[in-house]
Amino acid sequence: MDNPDVELDLQRSVQAVLRELNAQTPALQSNQGMWRWSLHKKVERDPGKRPVLVRILLRELEKAEREDARHVIMPLLHTLMYVFTKATGITEELHRRTYAFCMRSLTLPAPYCTVALDCAIRLKTEAAVPGTLYQRLVIAEQNLTSELYPYQESALLLEIQAAQEQQTPEACMRHVVSHALQAALGEACHAGTLQRKLQASPRLVLERYFHAVVSAVEQMASEPSPSREGHLERLEEIYCSLLGPAEAARGRCGGDPLQDQLPSIPLPSPHITFHLWTDEDQLWKELVLFLRPRSQLRLSADLEALDLQGVPPDRESARASVLSTDSGIERDLPSGADELPSPESPEMERAGLQRKGGVKKRVWPPDILMPSSWDGPPGLHRRTGRPSGDGELLPGVSRLHTARVLVLGDDRMLGRLARAYYAIRKRETQKFCLTPRLSLQLYYIPVLAPEKPAASRHLELGELATFLGRADPWYENTINTLCPAIHKLAEMPLSLNTSRTIDPFILDVITYYIRMGTQPIYFQIYTVKIFFSDPSQDPAEDIFLTELKMKIQDSKIPRDGFSPRRRGVAEGPGAELSICYQKALLSHRVREVTVSLRATGLVLKTLAASDSDVSGPTYCPPAAAPVTDHRCLNVSVTEVVKTSNLAGRSFSTVTNTFRTASIQIQSQDQRLLTLSLDKDGRRTFRDVVRFEVAPCLEPCSGAQKSKVLSSHRQEMERTKAKAKPLLMPINTFSGIIQ
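A few points on the structure. (Residues numbered from 1 in each chain as written. Predicted model: local features only at pLDDT ≥ 70, side-chain atom pairs only at ≥ 80, totals over all residues. Heavy atoms only, no water.)

Considerations on unusual backbone geometry
Looking along the chain, the bond that leaves Ala110 and enters Pro111 is cis, with omega of 5°. Among the secondary structure elements, Pro111 is positioned in the loop between helix H5 (92–104) and helix H6 (112–128). Even without a glycine there, the phi angle at Asn143 is positive, about 55°. Inspection of the secondary structure puts Asn143 in the loop between helix H7 (132–141) and strand E1 (152–158). (Helix = DSSP H or I, 4+ residues; strand = E, 2+ residues; numbered from the N terminus.)

Right, here's the structure in full:
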């Protein structure tokens with residue numbers, strides 16, 4: 001389609017998106033996020049415009065490269081790849097130019113090179129086997145059965161009530177067949193007749209052609225050097241078998257042009273389940289239910305002993321290492337023992353009198369004790385079109401499932417998510433049933449209460465969303481602007497008319513986010529240990545993600561339960577506190593500081609307060625982080641200052657701020673403290689006399705190793721490896737842009 005009016009209209013829409021990114025102050029704040037959505041809708045209604053849009057986006061990318069306008073590269077590249085996933089009829093020249101741009105972008109710093117490499121891999125496969133990205137996305141999101149591509153995805157949306165219009169499996173299979181044939185055959189595909197034939201086909205016939213198309217695409221995509229001619233020949237056979245030789249020979253030129261215009265093949269929305277978060281273990285239960293239907297796929301004998309509830313029937317047979325009672329010689333092992341090589345293998349031929357260590361250990365990677373391997377090694381890229389983290393964690397066990405958990409709410413909701421995330425990690429160290437089978441991806445859409453009088457409270461509850469918006473401008477433009485639309489939807493009266501003619505804007509933005517938001521930002525989770533005034537009450541332990549706030553209670557500790565107030569300490573507002581903390585130094589050396597002061601309150605925040613802190617190392621992924629612990633708390637203490645003059649004694653307050661990795665605070669007089677975690681009124685602790693805050697560590701960050709002594713005696717030593725901090729990833733479009 002070379003219509004100048006069409007190209008001019010699409011060019012104006014792309015420029016509108018770029019103006020939003022370039023504007024320092026959003027003049028059209030109510031329309032932010034709408035331009036990208038309307039641009040995709042234009043080409044969705046008329047698929048013939050997609051090659052034109054690809055050419056425009058590529059031209060803008062090359063212009064940004066020449067002018068070094070990096071702030072528009074990520075949005076343009078994500079928009080371009082989303083069009084490539086849906087499009088058919090993209091020329092080889094456009095594929096080649098886009099691939100060349102991605103390869104040139106590999107010289108840019110992270111995250112540009114990270115996203116560019118992922119796009120280059122996907123483009124290479126799509127150019128060799130057209131339709132691969134669309135087919136794999138639909139199969140995984142709609143849970144269609146395919147032996148050659150068994151990956152499954154599920155999106156869980158927490159803290160919202162809504163309804164979603166789902167596509168039937170038959171409709172999704174028709175979309176996959178139509179898209180694959182149109183992408184491969186191009187103008188030779190009689191698109192209108194093809195869709196009518198698929199509509200009239202019974203389910204058994206439709207499934208047969210669906211599996212034939214998937215087999216042709218996946219087998220060709222798995223070859224090291226796929227032949228496009230061979231792929232085209234095989235799909236032509238399927239096309240002729242479906243329509244018949246006479247109808248297939250007509251091609252596009254033989255039909256009625258009014259009826260045979262290129263029809264739109266929609267990309268079905270992913271299967272999303274909506275949940276109100278009412279139970280602390282709800283996330284764990286939903287993940288287990290997602291795995292249960294296909295728990296028998298690709299499971300080794302070792303993992304079959306672990307059921308989905310995580311309770312092994314026989315703990316002795318399911319543990320990671322078993323004490324051997326044999327003589328320690330290979331030939332003395334009974335036949336059929338596990339881990340014996342086959343008789344034909346070279347290992348059996350040269351076994352001989354080979355000694356074993358006396359301890360027989362399964363060949364599992366060291367990360368078996370590290371649930372942090374859920375998200376895969378940082379810095380490695382997933383295979384094209386496949387869910388992230390799809391590699392094998394254990395031999396014979398592929399992570400076929402990807403759970404995309406999308407949370408709606410404010411910082412209080414994220415605090416609950418951090419607690420659930422920590423609980424799952426802790427449970428996995430004991431039972432280990434989700435880690436090898438599931439890739440867990442976390443997403444966040446801020447939804448704040450629309451209370452105009454409490455504007456400051458509104459901003460306070462959205463600190464993490466503000467940080468994500470500063471770190472990733474495309475997240476700010478696409479996701480942070482979604483909150484007003486959600487409030488408008490909630491205020492709309494329910495309609496009895498079920499026919500919907502308005503495009504579901506919110507659902508489309510959510511779909512775009514979970515598909516294109518692949519770059520995580522890691523947040524340190526902190527643990528707090530709380531001691532109470534009652535000696536008989538056990539200390540409490542909890543975690544927080546964004547904030548811990550301390551206030552002084554009006555009540556005092558009974559004298560028989562606490563040491564009397566020190567002499568010489570003047571009465572005044574607040575409480576006398578002893579603060580011991582490790583000062584954050586650029587050299588990463590540990591320097592402990594202890595101070596005593598009178599304060600009326602204290603706040604610990606985990607997020608950077610200014611734009612200059614966003615690009616710092618505080619929230620870098622583990623691959624880019626230094627070996628030493630560098631993550632810091634931002635502490636603000638409201639100190640009471642006493643002044644004396646002729647008029648008498650007066651008190652004033654001053655706010656002192658500093659950064660630390662860990663901190664201990666104790667009340668020195670009879671004043672009690674109240675702690676509030678993550679701004680959540682339901683997570684408040686009263687009658688506190690002391691508390692300790694430190695980075696939360698992985699629930700099991702140790703390794704077990706054996707040492708053979710010089711006297712040939714063998715002993716097992718439990719050695720504690722360097723502790724790993726527990727980081728919770730939240731997916732964005734670009735990660736932190738430097």
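On we go from here.
Considering the nonpolar core
Counting residues in each nonpolar core, the largest one holds 104 residues, and the members touching the most others are Ile445, Leu464, Tyr513, Phe523, Ile525, Met728 and Ile730. Counting 38 residues, the second largest nonpolar core, distinct from the first, contains Ala128, Val138, Val177 and Leu206. (Core = buried A, V, L, I, M, F, W, Y, C linked by side-chain atoms within 4.5 Å. Buried < 20%, exposed > 50% of the residue type's maximum accessible area, 1.4 Å probe, protein only.)

So, the side chain of Thr79
Turning to its location among the elements, Thr79 is positioned in helix H4 (residues 73–86). Judged by relative accessible area, which is 5%, Thr79 ranks as buried. Of the polar contacts made by the side chain of Thr79, one reaches the backbone oxygen of Pro75; its length is 2.7 Å. Sequence-distant contacts of Thr79, that is, excluding residues within four places in its chain, are made with Leu39, His40, Leu57, Trp474 and Tyr512. (Polar contact = N/O pair within 3.5 Å; in protein donor to acceptor, adjacent residues only side chain to side chain. Contact = heavy atoms within 4.5 Å.)

Observations regarding the pairing of strand E9 (residues 519–524)
With respect to burial, E9 is a largely interior element, 5 of its 6 residues being buried. One ladder, built from 6 bridges, connects E9 with strand E21 (residues 727–732); its direction is antiparallel. The partner of Phe523 across the bridge, within E21, is Met728. (Pairing = 2+ DSSP bridges.)

Observations regarding the side chain of Glu218
Mapped onto the secondary structure, Glu218 falls in helix H10 (residues 203–221). Polar contacts involving the side chain of Glu218 include one to the side chain of Arg136, which spans 3.0 Å.

Focus: the packing of aromatic side chains
Inspection of the entire model under this criterion finds 10 aromatic pairs. Where Tyr513 meets Phe733, the ring centres are 5.6 Å apart and the plane angle is 50°; that geometry is what we call tilted. Highlighted residues: Tyr513 in helix H22 (residues 505–516) and Phe733 in the segment after E21, separated in sequence by 220 residues. The exposure class of Tyr513 is buried, given its relative accessible area of 0%. One aromatic cluster is present, formed by Tyr82, Tyr443, Tyr475, Tyr512, Tyr513 and Phe733 through successive ring pairs. Arg208 extends its terminal NZ or CZ atom over the ring of Tyr209, reaching a point 4.9 Å from the ring centre. The ring centre of Phe531 lies 3.9 Å from the NZ or CZ of Arg690, which sits over that ring. (Phe/Tyr/Trp six-rings, centres within 6.5 Å; stacked < 30°, edge-to-face > 60°. Lys NZ or Arg CZ within 6 Å of the ring centre and 35° of its normal.)

Focus on the packing of helix H13 (residues 282–291) against helix H17 (residues 411–431)
Each pair of packed helices can be summarised by the angle the axes make with each other and by the distance between the axes. Direction vectors running N to C along H13 and H17 enclose 55°, while the axes themselves pass 9 Å from each other. Taken as axis vectors, H13 and H17 run oblique relative to one another. From H13, Leu283, Trp284 and Leu287 reach across to H17, where they touch Leu417, Ala420, Ile424, Arg427 and Glu428. Looking at side-chain class alone, the contact of H13 with H17 contains 6 nonpolar, no polar and 2 charged residues. (Axes fitted to C-alpha atoms, helices over the stretch in contact; angles between N-to-C directions. Parallel < 35°, antiparallel > 145°, perpendicular 65-115°, else oblique. Nonpolar A, V, L, I, M, F, W, Y, C, P; charged D, E, K, R; others polar.)

Here we look at the pattern of salt bridges
A side chain with one charge may pair with a side chain of the opposite charge, provided their charged atoms come close. Overall, the coordinates contain 29 salt bridges when judged by the stated rule. A salt bridge links Arg515 to Glu141; the nearest nitrogen and oxygen atoms lie 2.8 Å apart. With Arg515 in helix H22 and Glu141 in helix H7, this residue pair connects regions lying 374 residues apart in the sequence. No difference in accessibility class separates Arg515 from Glu141, as the two residues are buried. A salt bridge links Asp669 to Arg598, with the shortest nitrogen-to-oxygen separation between them at 3.4 Å. Placement of Asp669 in the loop between strand E16 (648–667) and strand E17 (671–677) and of Arg598 in strand E14 (residues 591–605) is noted, with a sequence separation of 71 residues between them. Residue Asp669 is classed as buried on the basis of its relative accessible area of 4%. Linked through salt bridges whose partners overlap, the residues forming this network are Asp411, Glu463, Glu547, Lys605 and Lys679. (Salt bridge = Lys/Arg side-chain N within 4 Å of Asp/Glu carboxyl O.)

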